[in-house]
Every structure is written in structure tokens, then in C-alpha cells.
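Notes for the structure review
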Amino acid sequence: MHSREHLILGIESSCDETAAAIVAGGQRILSSVVASQVDIHRKYGGVVPELASREHLQQIVPVVREAVEQAGIALRDVDAIAVTRGPGLIGSLLVGVTYGKVLSLALGKPLVAVNHLEGHVHAVLLEAHAAGRAPDLPAMCLIVSGGHTVLYRVTREAANDAATFSYARIGGTRDDAAGEAYDKVAKMLALGYPGGPVMDRLAAHGNSHAVRFGEPKMRGNPYDFSFSGIKTAVLYYLRRNSQLQPEIETRQRALDRGERSAEALRALSSPATLDLIASFQRAVVDDLVRRTLAAAEEYGTRAVFISGGVAANSELRRSFESAAPLHGREIFFPSRALSTDNAAMIAAAGHARFLAGERADAMLNAEANLPLA
Ligand code: KG4
Ligand code: ZN
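Residues numbered from 1 in each chain as written. Chains lettered and ligands numbered in written order. Predicted model: local features only at pLDDT ≥ 70, side-chain atom pairs only at ≥ 80, totals over all residues. Heavy atoms only, no water.

**What to know about the nonpolar core**
Here is the rule: Only buried residues count toward a nonpolar core. Its members are Ala, Val, Leu, Ile, Met, Phe, Trp, Tyr and Cys residues joined through side-chain atoms within 4.5 Å. To sort residues, take the accessible area from a 1.4 Å probe on protein chains only and compare it with the maximum for the residue type: under 20% means buried, over 50% means exposed, and anything in between is partly exposed. In what follows, a contact means two residues having at least one pair of non-hydrogen atoms within 4.5 Å.
Membership of the largest hydrophobic core comes to 52 residues, with the highest contact counts inside it found for L191, F280, L288, I306 and F320. When sequence neighbours within four positions are dropped, the list of residues in contact with I306 reads V124, L142, V144, A311, L316, F320, I331, F332, F333 and P334. Grouped together as the second largest cluster of nonpolar side chains are 27 residues, I81, V83, V95 and L103 included.

**Some words on the side chain of E247**
Put simply, the test is: Here a helix means four or more residues in a row that DSSP labels H or I, a strand means two or more in a row labelled E, and each is numbered from the N terminus.
The topology assignment puts E247 in helix 8 (residues 245–256). On the accessibility criterion, E247 (14% relative accessible area) is buried. Excluding anything up to four places from it in sequence, E247 contacts L268, S269, S270 and T273.

**Quick word on the site of ligand 1**
Selection rule: Here a residue counts as near a molecule or strand whenever at least one of its heavy atoms sits within 4 Å of it. Think of a polar contact as two N or O atoms within 3.5 Å of one another; within protein, one of them needs to be a possible hydrogen donor and the other a possible acceptor, and neighboring residues in sequence only count if both atoms come from side chains. We call Asp, Glu, Lys and Arg charged. Ala, Val, Leu, Ile, Met, Phe, Trp, Tyr, Cys and Pro are nonpolar, and the rest, Gly among them, are polar.
Close to ligand 1 lie 18 residues; G146, D183, G196, D200 and N313 are nearest. G196 places a main-chain nitrogen or oxygen 3.0 Å from an oxygen atom of ligand 1. The contact in question runs from a nitrogen atom of ligand 1 to an N or O atom on the side chain of D200, over 2.9 Å. For the shell around ligand 1, the elements supplying multiple residues, two or more each, are helix 5 (178–188) and helix 6 (195–203). Class assignment of the residues belonging to the shell around ligand 1 gives a composition of 5 nonpolar, 9 polar and 4 charged.

**Re the sheet that holds strand 4 (residues 80–86)**
Note the threshold: When DSSP finds two or more bridges between a pair of strands, those strands are recorded as paired. Only the contacting stretch of a helix is used when fitting its axis, a line to C-alpha atoms as for every element, and angles between N-to-C directions run 0 to 180 degrees.
Read across the sheet, 5 strands follow the order 3-2-1-4-5 without closing on themselves; strand pairing throughout is mixed. Since the sheet does not close on itself, it has two edges, and those belong to strand 3 (28–36) and strand 5 (111–115), each with one partner. Each neighbouring strand pair of the sheet contributes to a mean axis angle of 20°, computed without reference to strand direction. The sheet contact formed by strand 1 (residues 7–12) and strand 4 spans 4 bridges and is parallel. When the bridges of strand 4 are listed, L9 appears paired with I81. Contacts from helix 4 (residues 116–130) reach strand 1, strand 3, strand 4 and strand 5, with the element oriented near 90° to strand 5.

Spatial relationships are all this shows, so hold off on functional conclusions.
In C-alpha cells, the structure reads:
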């Protein structure tokens with residue numbers, strides 16, 4: 001069975017992380033380098049596309065070199081190059097796609113195009129493999145990040161000795177992504193950017209039953225999400241509770257001084273604010289867990305995958321873990337490092353497609369709205 005494992009170089013540049021990784025046999029991560037642009041976008045409270053592509057241009061060569069060095073290989077040792085083709089910011093994607101093509105031509109190695117969302121699915125599979133767990137497929141997969149909140153049913157397709165996967169879209173957000181709601185609420189409350197990690201920490205110190213947010217009322221697909229309502233509800237709550245305004249201004253001044261640790265911001269947050277954060281998080285997490293498990297039940301999938309930046313959320317992890325046994329489901333998360341954007345997941349997804357014989361050529365183009373299904 002074990003001939004030589006293929007070495008895949010993965011390249012990811014769809015949003016604000018420039019990443020490269022070397023993965024052996026689609027399962028063993030030899031290196032995974034991520035250059036985050038958070039420090040550049042922070043002062044704008046969100047990703048600025050023009051700045052992102054410029055930064056990718058500066059980072060892509062050193063990041064790939066670093067990944068190759070950390071893996072202890074030479075660039076000519078790789079068997080194929082896997083690059084994110086979409087979805088994402090077009091200018092950012094183009095940097096990775098162009099560099100992937102250049103490397104492929106210069107090295108004479110095959111190029112494989114990868115859908116970023118399929119990468120997030122493979123982040124779960126990478127972790128499951130490392131933990132010696134084999135998920136039952138088909139699985140229900142929730143991809144929940146700053147750019148996406150979407151449910152896919154993941155099915156294994158047997159193509160010769162290659163395991164490729166096919167996807168059916170079960171539901172998704174009709175407005176904001178869950179991570180986007182975190183980031184917007186964090187902005188209103190002056191908790192810095194990105195908002196998720198700090199709010200996750202602060203929520204632990206509040207009462208999650210203090211503020212009641214109504215569930216989104218939606219007709220149609222019960223597996224769709226909506227997070228713009230809760231964002232607006234927080235805005236109205238803050239208007240009604242103007243006594244919270246001075247501490248928001250105080251936190252903003254602290255942020256402007258560069259004091260953005262969760263501890264520093266917590267010290268500047270009243271119990272009422274911590275309650276609001278905890279209640280917001282509870283509402284978002286409950287909604288994600290409830291609809292995802294309902295979809296798993298409807299489609300009879302035993303395994304449930306959770307991936308994307310928000311999958312790092314501690315409350316989300318706890319809630320899924322505690323609800324799953326009651327529903328007879330088994331939950332699979334990536335490690336925190338593999339939850340957010342990285343290139344190891346792109347190399348792993350590319351490996352499967354490489355074995356299946358898929359090849360991209362010099363005509364490959366980035367696609368901002370590339371669908372997975
Ligand atoms: O996957 P990712 O790195 O980038 C994309 O958006 O594709 O996800 C980043 C998002 C941000 O919105 C960030 O606020 C959120 O994930 N996030 C979290 C946590 N860590 C990151 N949200 C809630 N809790 C967290 N612990
Ligand atoms: Zn992503």
C-alpha cells in the first residue's frame with residue numbers, strides 16, 4: 001500500500017491570510033505557515049481588499065520558501081502544487097493563482113485548483129486522521145467563518161484509489177456570516193478586530209440569559225441562517241441603554257493605544273456589557289447548533305463536521321459536544337490552528353484531486369464566487 005507518499009505544496013490567499021504548507025499523503029502536515037494581515041486591516045475594522053492583495057504580493061514568496069524549509073524538503077521534491085481558486089477576494093486570489101501557475105511552469109510540476117470551502121472540509125479530515133478517528137460518511141458539514149455560514153452534505157466518491165468528495169448545499173446564511181456578526185458587534189462595543197476571539201473570552205464572564213434575543217423568523221428552508229437581525233438587536237439595545245456609551249468610548253481609547261487584550265478590555269467592561277456579550281454568543285451558538293443538528297437528523301448523517309474561523313469558539317465547541325450524544329451524532333472539529341484559514345487544508349484537498357487525475361493549466365483563473373455545490 002505504501003509506495004512513496006505524494007508531497008503537495010498548498011497555497012492559500014483567498015482573504016487576509018497568506019499561507020503555504022507541505023502535506024504528505026494528504027494527511028501528514030510537514031509544515032504550515034500562515035502570515036496574517038490582521039495588523040494591517042485592524043485600524044479599518046475589516047479587510048480592505050486593495051491592501052490585502054498588496055500584502056499577499058509581498059508575502060507569497062517568503063511564505064512558500066518558509067513552508068518548504070520547515071518541511072525539510074526542496075521545492076523540486078513536491079509532486080504537485082495545489083492552489084485556492086475561489087471563493088474569496090478576487091485580487092487576493094489572483095496572487096496565489098498566479099504564483100501557483102508560475103511555480104508549476106518553472107518546476108514542471110502539475111497544478112491542482114482547489115475550492116477554498118472544500119479546503120475547510122479537509123481541515124476536519126486532517127484532524128480526524130491525526131486523532132485516529134475515521135468519520136462515517138456522508139457527513140453534515142457546517143462551515144462557519146467571517147465570510148461563510150453554510151451547510152453541506154459531504155459524500156465520499158470512490159474514484160479508483162482516490163477518495164474524492166461530492167457536496168450538496170443544504171442551507172446557508174441569507175445575510176451576514178456568523179463571524180461577520182461577531183466582528184460587527186465587536187465594532188459597536190469597541191472590542192477590537194477581529195471580534196470573535198475577544199468576545200469568546202469575555203462571554204465567559206457574563207450571564208447568557210440576561211438579554212433575550214428573539215430567534216430569527218424565517219420562512220422556507222429551515223436550514224438557512226440569518227444573523228443580521230441579532231446585530232441590529234444589539235444596536236437597538238445599545239441605543240436604549242445609553243449608560244453603556246461612556247465605557248464604549250473608554251474602550252475605544254484603549255484600543256487606539258494598542259491595548260486590545262481580552263484582559264485589558266474586560267477590565268473596561270461593566271457586568272451589563274459582559275451580559276450582553278454572553279447573551280449574543282449564546283443566541284448565535286444555539287442557532288448554529290440547533291439548525292446543524294436538525295439538518296444532520298433530516299439527512300441521516302451520523303458525523304457532523306464544524307470548520308472555519310468561528311469553529312474555534314469555545315462555547316460552540318462545548319454546545320456541539322454536549323448536544324451531540326443526545327442526537328446520536330459524532331462531532332468533528334479541526335484543531336484551532338486548522339479552523340482558521342491555512343494552506344494545509346488546501347494541500348489536503350488538492351491531494352485527493354491530484355490522485356483523481358485533476359489538473360489545472362496556464363488558463364486557470366481565480367473565481368471570486370466559485371460555488372462548492
Ligand atoms: O476562517 P477565518 O480565518 O476567515 C474567513 O472569514 O474566511 O475566520 C475569521 C472569522 C472572524 O470573523 C473572527 O471573528 C471569527 O472567525 N472567529 C471567532 C473566533 N475566532 C475567530 N468567532 C467566534 N469565536 C472565536 N473564538
Ligand atoms: Zn476560510
